[in-house]
Number of protein chains: 2
Amino acid sequence: MSKILIKDSYILTMASSTNEKPVIGDILIEDNVITKIGKFECTEQVEIIDGKNTIALPGLINCHTHAAMTLLRGYADDMELMPWLENKIWPREAKLTEEHIYWGSMLACLEMIKSGTTTFADMYVSMNEVAKAVSDSGIRASLSRGITGGNGRGEDSLKESKEFIEKWRNEERITCMLGPHAPYTCTDDYLEKIIKLGKELNVGIHIHLAETETEFSDIEKRTGKTPVEHMKDLGLFELPVLAAHCVHLTEGDIGILKENNVAVAHNPESNLKLASGIAPVPELLEKGVIVGLGTDGAASNNNLNMFEEMHMAALLHKANSKNPTVIPAYQALEMGTILGAKALGLDQEIGSLEVGKKADIILLDLHKAHLYPSHDIVANIIYSAQGSDVKTSIINGNIVMKDRKILAFDEEKVILEANRVAKELMKD
Amino acid sequence: MSKILIKDSYILTMASSTNEKPVIGDILIEDNVITKIGKFECTEQVEIIDGKNTIALPGLINCHTHAAMTLLRGYADDMELMPWLENKIWPREAKLTEEHIYWGSMLACLEMIKSGTTTFADMYVSMNEVAKAVSDSGIRASLSRGITGGNGRGEDSLKESKEFIEKWRNEERITCMLGPHAPYTCTDDYLEKIIKLGKELNVGIHIHLAETETEFSDIEKRTGKTPVEHMKDLGLFELPVLAAHCVHLTEGDIGILKENNVAVAHNPESNLKLASGIAPVPELLEKGVIVGLGTDGAASNNNLNMFEEMHMAALLHKANSKNPTVIPAYQALEMGTILGAKALGLDQEIGSLEVGKKADIILLDLHKAHLYPSHDIVANIIYSAQGSDVKTSIINGNIVMKDRKILAFDEEKVILEANRVAKELMKD
């Protein structure tokens, strides 16, 4: 049995719903589980990680991304949504091979680990390749094959989704969901098939919902309902649902999300960059809706750095609601950790540092000019820290990165191969 | 004469007003000046900096901060503005000694250099200490003693401002301005005295302007004018003016700023965090107003990382104006470099990489997972990079940081001393 002892770090467990103050202590990890936290004598044979000048946090949880889109980072920016999709993103995506998806996902996993993410929720194509990248990189993920369809289209991808889930759902570090892309890319019939399959397989749903004004008004025109009302009436919310974006919501919609335990993946940077708008996050949190954070794909962000999303969530909604007290630092950190775990239905296993939970732990290096003085370490994490302050990352009890060096795989090879396939993808 | 050759880096000069593409080349620095850029043979005795896998950019220019407020980083957050100021910030500021200001400013200089800033515009008290920190750290700055007054108050600080300017204005790397705090903390009489002194000393003005709704409505109530109109009518704009914030502007105000060559220091993160609002930056730029970027003090940000401000400026205004094409990446980088130099009246010397300009150059390490692939290096700098990607910083021809190690001063000592005085400041 492998045993690791993190010694003398600050510890912020995120297990408390009230403002927790970090205290110095030790964490014992046996195999993939946290077995002790606090002050204790350890006489066992353990691998010691010196935690001095660091703080141990639950690994960050990226609740919505499309990992392989790292290959399109910086390929097209500062454009209107439809020309961006139609002339730039979709034509390149149509050319993606399995090899592209694998290396693009590996690059994403590398970037996420380097900036403190230990779990991500992904929706894309060729998901076997994404699952292989998750397996090879040591990260944890909730994976869904993104599907669109109706009027005869989409039967293949439904079948593929089912096969994917059956193949990977019992793998270490992997959980699966069904991934209907959005209310406007799936017909009602098709969504009903997905709901039926979800119940049969006993899995949740990962969907884009209420992202743009256009989606809102198109669905309203077609059905007389908001996108959220329409999804409820179709029965989607009978399953556990992770709804990405939720920018355009009525007050009634917020009530529906709460009543049906729908979790929201808030993607502030992507919503700003694509000019989708600003989601009513303080109102969602006020009503008790679970809100996690996501980066969205690198093409609309353009990175997978969860420190930026926590930072942005804490800043943006203050000005937007003209109230500097909304989303205080501790709550932003909850959104990046335990609320993210709840959004993915994984809070029994991850999202906080507690005895019995999986050992997904990051150590943040506090010895940086921008993290002094340390009047309030939590405020420093949210308002001052950078992703590069993450020093060490342990996922499922394995030391995936130590002192910023990746131990789980060859990072230079990942950069080289991802760069190679990205160039290939750009050839006309 | 010292000679430095940066070899084989990408170079982005920011000398062009149209989208410039980075090209690989060399830069020769002789003493404190750039003497050659491009492809050339260099047979001279030079110190070579290997630029491979980096991009050379003009050093970033932080157009508005209060450096010593690093000591209050994380001391009070997520609060309403007036209780924050009255119960937290002002009581601690009242206890600041010269020693506090010096070490707080040194910590700020350290943090700024580490995140790519080579020039900052500061407004605070005990400015001799700030000037010493500028001198000791190797950074460049435009300094102003922040003053408030009227009804008999403020004569001392006027005198102090004058003495400060006369003492420091001819020092290497230092320029000076007068620093009336704001229209609501200086009476009209007092502002008129400041204008007179500014003309006598031939210096510009650094002022907070139109930051909050309260300021806007209070000035309107008192004078029947907007803050911008009121400042114009008092004659303030007869001097070169750097106006921080400018969140609350009418269309007429924007015209006045343009006609009078008033430069704006946009502080997006501070404006969000304090819930001041969102400045109409696309409209200002559209009208041709010079807009630079600033972090504001660390108490309301909470860091001095200009990569975050460029990133935020490029993201925020897209959603706010419902237009994803506003403030494209290249323009955000202009705001962080050449427009900042123009805002400080220093564009003859700094802000772009051109032969004859001062050698204020940063090298960004492009060999990072989050900066691959490199379809568009400028987009990667604005949307994906972190402050910690800055590898090397040259200011006024001196290598202040190389491979992230500070050469110009003892960074461990700065952290130690700043932390010590910050703790002292918190004692009741």
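Values in this document were obtained by computation on a predicted structure and should not be read as measured data.

Scoring rules and cut-offs
- Just so you know, the residues in each chain are numbered from 1, in the order the chain's sequence is written.
- The naming scheme follows written order: chains are lettered A onward, ligands numbered 1 onward.
- With pLDDT at 70 or above as the cut-off, local features in this predicted model cover only qualifying residues; side-chain atom pairs require 80 or more to be listed or tallied, and sums for whole chains, interfaces and linings still use all residues.
- Only hydrogens and water are set aside when side-chain values are computed; all heavy atoms of the structure are taken into account.
- To superpose the copies, least squares is applied to the C-alpha atoms of every residue with a pLDDT of at least 70 in both.
- Contacts are assigned to residue pairs with any non-hydrogen atoms lying within 4.5 Å of each other.
- UniProt positions are given in the numbering used here, feature names are shortened, and annotations may be inferred rather than shown by experiment.
- Working definition: helices are DSSP H or I runs of at least four residues, strands are E runs of at least two. Numbering for both runs from the N terminus.
- Every case where a carboxyl oxygen of Asp or Glu lies within 4 Å of a side-chain nitrogen of Lys or Arg is listed as a salt bridge.
- We call a residue buried when its accessible area falls under 20% of the maximum for its residue type, exposed when it is over 50%, and partly exposed in between, using a 1.4 Å probe and counting protein chains only.
- Reported buried area values correspond to the accessible surface (1.4 Å probe) lost by two parts on association, with both partners' losses combined.

Novice: Quick rundown of the relation of the copies chain A and chain B? Include the residues and the values.
Specialist: When chain A is fitted to chain B, the residual RMSD is 0.0 Å, and the transformation amounts to a turn of 180 degrees plus an axial shift of 0.0 Å. Those values place the two copies in the arrangement expected of a two-fold rotation axis. A shared interface surface links the copies, since 100% of the contact residues of chain A are contact residues in chain B too.

Novice: Residue-level account of the UniProt feature "binding site: substrate" (unreviewed entry) in chain A, with values.
Specialist: Residue and element names in this part refer to chain A. With numbering matched to this structure, UniProt assigns "binding site: substrate" (unreviewed entry) to Glu93, Arg145, Arg153, His181, Glu211 and Asp296. Across 204 residues of sequence, these annotated residues are also dispersed in space, with a maximum C-alpha separation of 25.8 Å. Topologically, Arg153 is positioned in the loop between strand S8 (140-147) and helix H4 (155-168). Mapped onto the elements of the fold, Asp296 is located in the loop between strand S13 (291-293) and helix H11 (306-320). Residue contacts for Asp296: discarding those within four places in its chain leaves His64, Thr65, His66, Glu211, His245, Asn267, Ser270 and Leu304.

Novice: With reference to specific residues and values, describe the UniProt feature "domain: Amidohydrolase-related" (unreviewed entry) in chain A.
Specialist: The UniProt record annotates "domain: Amidohydrolase-related" (unreviewed entry) at residues 55-400 of chain A. Helix and strand shares over residues 55-400 of chain A are 42% and 19% respectively, and the end C-alpha atoms of the span are 17 Å apart.

Novice: Can you explain the pattern of salt bridges? Please cite residues and give values.
Specialist: Pairing of side chains with opposite charge becomes possible as their charged atoms draw close. Taken as a whole, this structure holds 50 salt bridges over all chains when the rule is applied. Across the salt bridge formed by Glu238 of chain A and Lys199 of chain A, the nearest N and O atoms sit 2.4 Å from each other. Remark: Lys199 of chain A occurs in helix H5 (residues 188-201) and Glu238 of chain A occurs in the loop between helix H7 (227-234) and strand S11 (241-245); sequence separation between them is 39 residues. Note on Glu238 of chain A: relative accessible area 57%, which makes it exposed. Among the ionic pairs, Glu213 of chain A bridges to Lys322 of chain B, the shortest N-O distance being 2.9 Å. Pair noted here: Glu213 of chain A is in helix H6 (residues 213-223) and Lys322 of chain B is in the loop between helix H11 (306-320) and helix H12 (329-336), and the two residues belong to different chains.

Novice: Talk me through the interface of chain A and chain B; I want residue IDs and the actual numbers.
Specialist: Across the boundary between the two partners, chain A contributes 60 residues, which contact 61 residues of chain B. Interface area for chain A against chain B, summed over the two sides, is near 4700 Å², with a carbon-plus-sulfur share of 60%. It is Asp78, Pro324 and His375 of chain A in chain A that bury the most area against chain B; as a group they hold 13% of the surface buried on that side. Where chain A meets chain B, there are four salt bridges.

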